[in-house]
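Chain residues, written in single-letter form:
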Amino acid sequence: MEFEPVIGLEVHAQLKTKSKIFCNCSTAFGAPPNTHTCPVCLGMPGSLPVLNRMVVELTLRLAVAVGCTIESQSRFARKSYFYPDLPKGYQISQYELPIARYGHIDIESDAGTKRIGICRIHMEEDAGKLAHDPYRPVSLVDFNRTGVPLIEIVSDPDMRSPEEAGAYLRKLHSLVRFLDICDGNMEEGSLRCDANVSIRPKGRDAFGTRTEVKNLNSFRNLEKAIHYEILRQKESLSEGTAIVQETRLWDPDRGMTLSMRGKEEAHDYRYFPDPDLLPVVVSDAWIAAVKAGICELPDEMRERFVRDYGLPAYDAEILTSSRELAVYFESCLEAFPKPKPVSNWVMGNLLGLLNAAGKSIRESPVSPRSLGELLALVETGAISGKIAKEVLEEMARTGASPGAVIEQKGIVQVSDAATIARLVEGVLARSPKEVSAYREGKTKLFGFFVGQVMQETRGKANPKLVNDILREKLEKK
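Residues numbered from 1 in each chain as written. Predicted model: local features only at pLDDT ≥ 70, side-chain atom pairs only at ≥ 80, totals over all residues. Heavy atoms only, no water.

### Thoughts on the pairing of strand S9 (residues 139-142)
Argument step 1. In the sheet, strand S8 (residues 129-132) pairs with S9 via 4 bridges, with the strands oriented antiparallel. Paired with Ala131 across the bridge in S9 is Leu140.
Argument step 2. The antiparallel hairpin formed by S8 and S9 contains 6 residues in its connecting segment. (Pairing = 2+ DSSP bridges. Helix = DSSP H or I, 4+ residues; strand = E, 2+ residues; numbered from the N terminus.)

### Comments concerning helix H9 (residues 368-380)
Argument step 1. The end-to-end C-alpha distance of H9, which contains 13 residues, comes to 19 Å, matching closely the 18 Å that a straight helix rising 1.5 Å per residue would cover.
Argument step 2. The complete set of buried residues in H9 reads Pro368, Ser370, Leu371, Gly372, Leu374 and Leu375.
Argument step 3. At the C-terminal side of H9, Gly381 shows a positive phi close to 85 degrees. (Expected span 1.5 Å × (residues − 1). Buried < 20%, exposed > 50% of the residue type's maximum accessible area, 1.4 Å probe, protein only.)

### With respect to unusual backbone geometry
Argument step 1. Positive phi, close to 60 degrees, is recorded for Tyr102, a residue that is not glycine.
Argument step 2. Notably, Asp180 is not glycine yet its phi reads approximately 60 degrees, a positive angle.
Argument step 3. Inspection of the secondary structure assignment puts Asp180 in the loop between helix H2 (162-178) and strand S11 (191-201).

### Some points on the sheet that holds strand S4 (residues 76-80)
Argument step 1. Pairing is antiparallel in the open sheet, where 3 strands are placed in the order S5-S4-S15. At either end of the open sheet lies a strand with only one pairing partner, and these are strand S5 (90-94) and strand S15 (272-273).
Argument step 2. Bridge count for S4 against S5 is 5 bridges, and the pairing is antiparallel. Bridge assignment links Ala77 to a residue of S5, and that residue is Ser93.

As structure tokens, then:
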């Protein structure tokens, strides 16, 4: 029997606020354990939560960007369960009345553009973090993360392959960063994903029994975990074993999902409205103000890059993967207004150097203006492309301008025609056999002659002049 996967994602994004959702404690990452805590986030008796307005503001940005219906009133609920990193014995979340519903994100699939529905977006607080001692049967708890503001974005079960799920998560990751509501750092847990996976006979409408794979912290792990889970469920059904609704964990070292616990349903959490928090009221004026402040979104920017700059779709996709990269690219154009060469150097040379150094485009020692000046030097023939790569490496290492690097290293391109002509004549005089073979039809030797001239000048000769003069000399009998 041929089976069809049915996949939905629940994505938790940590909002970029300075303080927690219900108290004034800092949300900064990396502080010593239990130093960003207070009676409210520790759940002390008598403490009362107060909603951080910025949490609502940032949530509204995403809701507007994905076309959600925003509720004029939503409210918080208590999600009751026991775990050592949950000091109150419940999590404050939203249940029956979330702040936003019914949005969508468009992804590119094998069949073209596909719309993935978003069922709901709701606000909630994060739990703490357990650290398990590898040498003793002891676990330590850090409550710094308790009360950090999250939004949960719940998709409809519209994805039919691991690749579609990966495309959806990448699109959402790019969007929250463009909107500046989440830093998207999956390694630090700022963006986390749970995948609901089931299979059904192809052509059937009813869903199969689903499993939930928790806390997938990279695009690669998401796709690999879903792929494994689909195969596992297919094998189980083929052997006559029923799929059990459960929560599973992905083990990247073993490349498999492992059973964690039976899947909870809503009634297991005993949701009820939190009596300490008033309903969240969002006015039409507030929504209008958020819409007015929304920046150009990735899809719009990508289309503009193709339309206005004539870039290939692939280049536009890469350059709009983050707002910082897109801004850097357009800033380069102010100094050197030739989109395709700038795109090539930004995507290839610059990002390669930054990735090797473990830096982001935001941390680039090479300013957009400096990169534009470097490309202008290549365009005018002052330096060759090969020299420019060496200069860029030094710029990325020191932050110096291209002019300063060229002056310091004395690597100005040799562009004097008479000098290059003498070098060419010398190379040809020392290579009579190769010259004779070239003139008899072995034209591939042309690269040999170019290499000899470039070697003479240590790569400083103007390549165009070298080619032109070589052709002229070789064609003379």
